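These are the residues of each chain, in order.
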Amino acid sequence: MGEIVVTGDPEMVLAVPGIGSCVVVCAFHPRTRLAGMAHIVLPSSQGRSEVSTKPFWFADIAVPHLLESMKMKGAIRPNCAIVGGAKVLNFSLIATNTSVTNIGELNVKSVLENLNGSVNLVAQIVGGNTGFSIRLQVADGILFIKDKEGQIRQINLSLPWMEG
Amino acid sequence: MGTTRTFEEALKFAQSECQTALTEFLGTDVEFHLVEWIVCYADELLSVVGQFVGVEEVYRAIVVGIYGDLQGYLVMFFPIKDAEELAAYMLDGESDPEIQESVLAEIGNLTTARLLMGFSKAIKTNEEALPTPPQTQVDFSGSLLQSLSALLLSQGQVKVFHSVWKLQIQLLEGTVNGTAHFFLPM
């Protein structure tokens, strides 16, 4: 949680086992074969004391950092999919506190704002009230998204026509 | 929150309370015992709990939030098959999913109430604690834990006292296994 990885190692598979309200940004750049992933926990770093120790918890820091890290290695405007932002926990007693109950929704909104048209957004698998488990193969840019029923969706992030 | 000795007294008391209540409710032998307790960071829940449940496996989970002066969360995980066997035993074969869920929810209610009672007595507090209605659902344990981490962190609750409990319920056909995780923000 709250981590960023950028790699071109084709042996690597980037995985997040169980995404709920977090949003995972999965990026792949077809020409450079560079993959990136950011596992975002909260929408905004504003007013948070953890910014210096856990900066990548926050969408407003993690997303620009992921894109900048890829850009520095020549991966400009990567293909991208975002997964997560579900409302898995639903406690009725705190239903009036939107900042608590809608973390997933707020995460999605913040991620999209921070992507700000800097990527080719291939897929958004967000919202709902159950989680996903994902794997991104660096070797071929294929993203596997498994739901709780065991069904697996594949998204190809390596198609060159998506590259800007 | 308190000293190590206070925690251990609370845990011992809570264990006894839970075991008695669940045995009476289920009408069969129930073992409810502490596996370990740990003070951890809220963003570590996935790796800490991952030692006891498969984070990429799907479970029947019961989640209860506790609000008021004393705050916390109970998360119980049952393998799907075990949860079905338990519900079938309690309902004498009744297959209505809603009724099955209500039985599991009652286990969450009981466990939360007794754990709270144990902790409150041991740390001698009369703070108000309001448990939410139990939420039962089928999902990746990792998705639930990760969402709980985010919830804690969004509320600025960075450190958590986490106790892990093993639950074994003896049925005629075999044993139903589950784990309970009680999180108290510090």
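Above: the structure in question.
Throughout what follows, the structure given in this document is the object of discussion. (Residues numbered from 1 in each chain as written. Chains lettered and ligands numbered in written order. Predicted model: local features only at pLDDT ≥ 70, side-chain atom pairs only at ≥ 80, totals over all residues. Heavy atoms only, no water.)

**A few points about the overall build of chain A**
Argument step 1. In terms of helices and strands, chain A carries three helices and nine strands.
Argument step 2. For chain A, the α and β elements follow one another from N to C terminus as β-β-β-β-α-β-α-α-β-β-β-β.
Argument step 3. Taken over the C-alpha atoms alone, chain A extends approximately 50 × 40 × 25 Å along its principal axes.
Argument step 4. Among the 164 residues that make up chain A, the fraction classed as buried is 51%.
Argument step 5. Partitioning the intrachain contacts of chain A with sequence separation of at least 6 by distance along the chain shows that 66% fall at a separation of at least 24.
Argument step 6. Surface exposure of chain A reaches about 7200 Å², of which carbon and sulfur atoms provide 50%.
Argument step 7. Of the side chains in chain A, 13 bear a positive and 12 a negative charge, and the two mean positions are spaced by 2 Å. (Helix = DSSP H or I, 4+ residues; strand = E, 2+ residues; numbered from the N terminus. Buried < 20%, exposed > 50% of the residue type's maximum accessible area, 1.4 Å probe, protein only. Contact = heavy atoms within 4.5 Å. Areas by Shrake-Rupley, 256 points an atom, 1.4 Å probe, with all protein chains shown as cover. Lys, Arg positive; Asp, Glu negative; His and termini not counted. Charge placed at Lys NZ, Arg CZ, Asp CG, Glu CD.)

**Description of the interface of chain B and chain A**
Argument step 1. Across the boundary between the two partners, chain B contributes 32 residues, which contact 32 residues of chain A.
Argument step 2. Summed over both sides, the interface between chain B and chain A buries roughly 2600 Å², with carbon and sulfur atoms accounting for 64% of that surface.
Argument step 3. Area buried by chain B at its contact with chain A is led by Glu56, Phe140 and Gln146 of chain B, which between them contribute 22% of it.
Argument step 4. At the junction of chain B and chain A, the tally comes to two salt bridges.
Argument step 5. Along the contact surface separating chain B from chain A lie 13 residue pairs in polar contact (both at pLDDT 80 or more).
Argument step 6. Put simply, the parts of the chain that give the side of chain B that touches chain A at least two residues each are strand S2 (58-68), strand S4 (129-131), strand S5 (135-140) and helix H5 (141-154) of chain B.
Argument step 7. Here the side of chain B that touches chain A gets eleven residues from one element, more than from any other, and that element is H5 of chain B.
Argument step 8. Per-class residue counts for the side of chain B that touches chain A are 17 nonpolar, twelve polar and three charged. (Buried area = accessible area lost by both parts, 1.4 Å probe. Salt bridge = Lys/Arg side-chain N within 4 Å of Asp/Glu carboxyl O. Polar contact = N/O pair within 3.5 Å; in protein donor to acceptor, adjacent residues only side chain to side chain. Nonpolar A, V, L, I, M, F, W, Y, C, P; charged D, E, K, R; others polar.)

**Examining the side chain of Thr136 of chain B**
All names here are of chain B.
Argument step 1. Along the chain, the position of Thr136 falls in strand S5.
Argument step 2. On the basis of relative accessibility, which here comes to 14%, the residue Thr136 falls in the buried class.
Argument step 3. Of the polar contacts made by the side chain of Thr136, one reaches the side chain of Glu101; its length is 3.1 Å.
Argument step 4. Once residues lying within four places of it in the same chain are set aside, the contact partners of Thr136 are Arg60, Ala61, Ile62, Glu101, Leu104 and Ala105.

**Things to note about the state of the cysteines**
All names here are of chain A.
Argument step 1. The final tally for this structure, using the stated rule, is zero disulfides over all chains.
Argument step 2. With no disulfide partner, Cys26 has as its closest neighbouring cysteine sulfur the one in Cys80, 7.3 Å distant.
Argument step 3. By relative accessible area, which is 0% here, Cys26 ends up buried. (Disulfide = S-S within 2.5 Å.)

**Remarks on the pairing of S2 of chain B**
All names here are of chain B.
Argument step 1. Counting buried positions along S2 gives nine out of eleven residues, so the element sits mostly inside the fold.
Argument step 2. Pairing between S2 and S5: six bridges, direction antiparallel. Paired with Val63 across the strands is Gln135, a residue of S5.
Argument step 3. As paired elements, S2 and strand S3 (residues 72-79) share eight bridges and run antiparallel to each other. Bridge pairing in S3 places Ile62 opposite Met76.
Argument step 4. Linkage of S2 to S3, two consecutive antiparallel strands, is achieved through a turn of three residues.
Argument step 5. Relative to S4, S2 is paired through three bridges, and the arrangement is antiparallel. Its bridge partner being in S4, Tyr67 is matched across the sheet by Leu130. (Pairing = 2+ DSSP bridges.)

**Re the sheet that holds strand S8 (residues 142-146) of chain A**
Argument step 1. With antiparallel pairing, the four strands of this open sheet are ordered in space as S2-S7-S8-S9 (chain A). Pairing within the sheet leaves two strands with one partner each, and these edge strands are strand S2 (13-19) and strand S9 (152-156) of chain A. On average, each strand axis in the sheet is tilted by 15° relative to the strand beside it, whichever way the strands run.
Argument step 2. Together, S2 and strand S7 (132-137) of chain A form the strand contacts of H5 of chain B, whose direction differs from that of S2 of chain A by roughly 75°. (Axes fitted to C-alpha atoms, helices over the stretch in contact; angles between N-to-C directions.)

**Re the sheet that holds strand S1 (residues 4-7) of chain A**
Residues and elements named next belong to chain A.
Argument step 1. Sheet architecture is open: five strands sit in the order S1-S4-S3-S5-S6, paired in mixed fashion. Two strands in the sheet have a free side with no partner beyond their single neighbour: S1 and strand S6 (120-126). For this sheet, the mean angle separating the axes of adjacent strands, direction not counted, is 10°.
Argument step 2. Bridge analysis of strand S3 (residues 23-29) against strand S5 (residues 79-84) gives six bridges, and the strand direction is antiparallel. Each bridged residue has a counterpart across the sheet, and for Phe28 the counterpart in S5 is Asn79.

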